[in-house]
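Reading the structure
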Amino acid sequence: MQTLVTDLLVTLAYGVVGVLLMAIGYVLVDVATPGRLNELIWTQRNRNAALLLASNLAGVGIIVVAAIVASDDNFRLGITGAAAYGILGLVIMAAAFVVLDVATPGRLGEILVDPEPHPAVWVSAVIHLATGAIIAAAIS
C-alpha cells in the first residue's frame with residue numbers, strides 16, 4: 001500500500017510541475033501576441049492563436065515526459081530535471097519566436113492572431129514542437 005501512496009504522490013508532484021510549466025508557457029504566448037489569449041481563443045475562436053498555444057503546451061509536455069522517463073525512478077532527479085528542462089525549453093521557444101519574428105516581414109505576433117488562417121502559425125507551431133523534441137532528445 002505504501003508504494004501506491006508514494007507513486008500517487010510522485011505522480012501528483014510531476015503533474016503540478018507540468019501544469020505550472022504549461023501555465024508559464026501560456027503567459028509567454030499571451031505576452032508574445034497582441035490581445036488577450038483567453039479572449040482570442042475562447043470568445044473569438046481564433047484558430048491561429050489556438051494552434052500557437054496548443055503547440056507551445058505540447059512542446060512543454062514533451063520535455064516534461066522526457067525528463068520523467070530519463071530520471072530512472074530517481075524522484076529528485078526527475079522533478080528537478082522536469083522543472084529545469086521545462087524552463088530551458090520555454091526560454092528556447094521564446095528565443096526561437098524572436099528569431100522567427102526578426103526573419104519574417106511584419107510583426108509575427110499580429111500575424112499569428114489574425115482571424116484569417118495564416119500559414120505562419122504552422123511554422124511557429126512546428127518550431128515549438130521541434131524545440132520540445134530537441135530538448136527531449138538531449139535529456140535522454
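Note that the structure is a prediction, hence the values are computed from the model and not measured.

UniProt's feature table lists "transmembrane region" (unreviewed entry) at residues 7–29, 49–70, 82–100 and 120–139, given in the numbering used throughout. Summarising residues 82–100: 100% helix, 0% strand, and an end-to-end C-alpha distance of 26 Å. As annotated, residues 120–139 comprises 100% helix and 0% strand, and the C-alpha atoms at either end are separated by 29 Å.

It is worth spelling out the pattern of salt bridges at this point. Two side chains that carry opposite charge are able to pair once their charged atoms sit near each other. For the structure on display, the rule yields 1 salt bridge. Residue Asp101 pairs with Arg107 through a salt bridge whose shortest N-O separation is 4.0 Å.

Within the secondary structure layout, Ser71 lies in the loop between helix 3 (47–70) and helix 4 (75–103). Of the residues examined, Ser71 reaches a relative accessible area of 5% and is grouped as buried. Setting aside residues no more than four positions away along its own chain, Ser71 makes contact with Tyr14, Leu77 and Gly78.

To continue, consider helix 4. Taking 1.5 Å of rise per residue, the 29 residues of helix 4 would be expected to cover 42 Å, and the 41 Å separating its terminal C-alpha atoms lies within 8% of that figure. Every buried residue belonging to helix 4 is among Gly78, Ile79, Gly81, Ala82, Gly86, Gly89, Leu90, Met93, Ala96, Phe97, Leu100 and Asp101, and all of these are buried. Where the residues of helix 4 are buried, they touch helix 1 (2–32), helix 3, helix 5 (108–112) and helix 6 (119–139). A side-chain oxygen of the first residue of helix 4 lies 3.3 Å from the backbone nitrogen of Arg76; this N-cap is Asn74.

Moving on, we come to the environment of Gly81. Relative to the assigned elements, Gly81 resides in helix 4. Each C-alpha atom, one on Gly81 and one on Ile68, is 7.7 Å from the other, the two residues being 13 residues apart in sequence. Discounting chain neighbours no more than four positions away, the residues touching Gly81 are Ala67 and Gly86.

Moving on, we get to unusual backbone geometry. Backbone geometry at Asp72 places phi at a positive 50°, although glycine is not the residue there. Summarising the element assignment, Asp72 is placed in the loop between helix 3 and helix 4. Taking the relative accessible area as the measure of exposure, Asp72 reaches 67% and is therefore exposed. Not every positive phi belongs to a glycine, and Asp73 is a case in point at roughly 65°. Position of Asp73 relative to the elements: it lies in the loop between helix 3 and helix 4. By relative accessible area, which is 82% here, Asp73 ends up exposed.

Criteria and cut-off values
Residues numbered from 1 in each chain as written. Predicted model: local features only at pLDDT ≥ 70, side-chain atom pairs only at ≥ 80, totals over all residues. Heavy atoms only, no water. UniProt positions renumbered as here; feature names shortened; annotations may be inferred. Helix = DSSP H or I, 4+ residues; strand = E, 2+ residues; numbered from the N terminus. Salt bridge = Lys/Arg side-chain N within 4 Å of Asp/Glu carboxyl O. Buried < 20%, exposed > 50% of the residue type's maximum accessible area, 1.4 Å probe, protein only. Contact = heavy atoms within 4.5 Å. Expected span 1.5 Å × (residues − 1). Polar contact = N/O pair within 3.5 Å; in protein donor to acceptor, adjacent residues only side chain to side chain.

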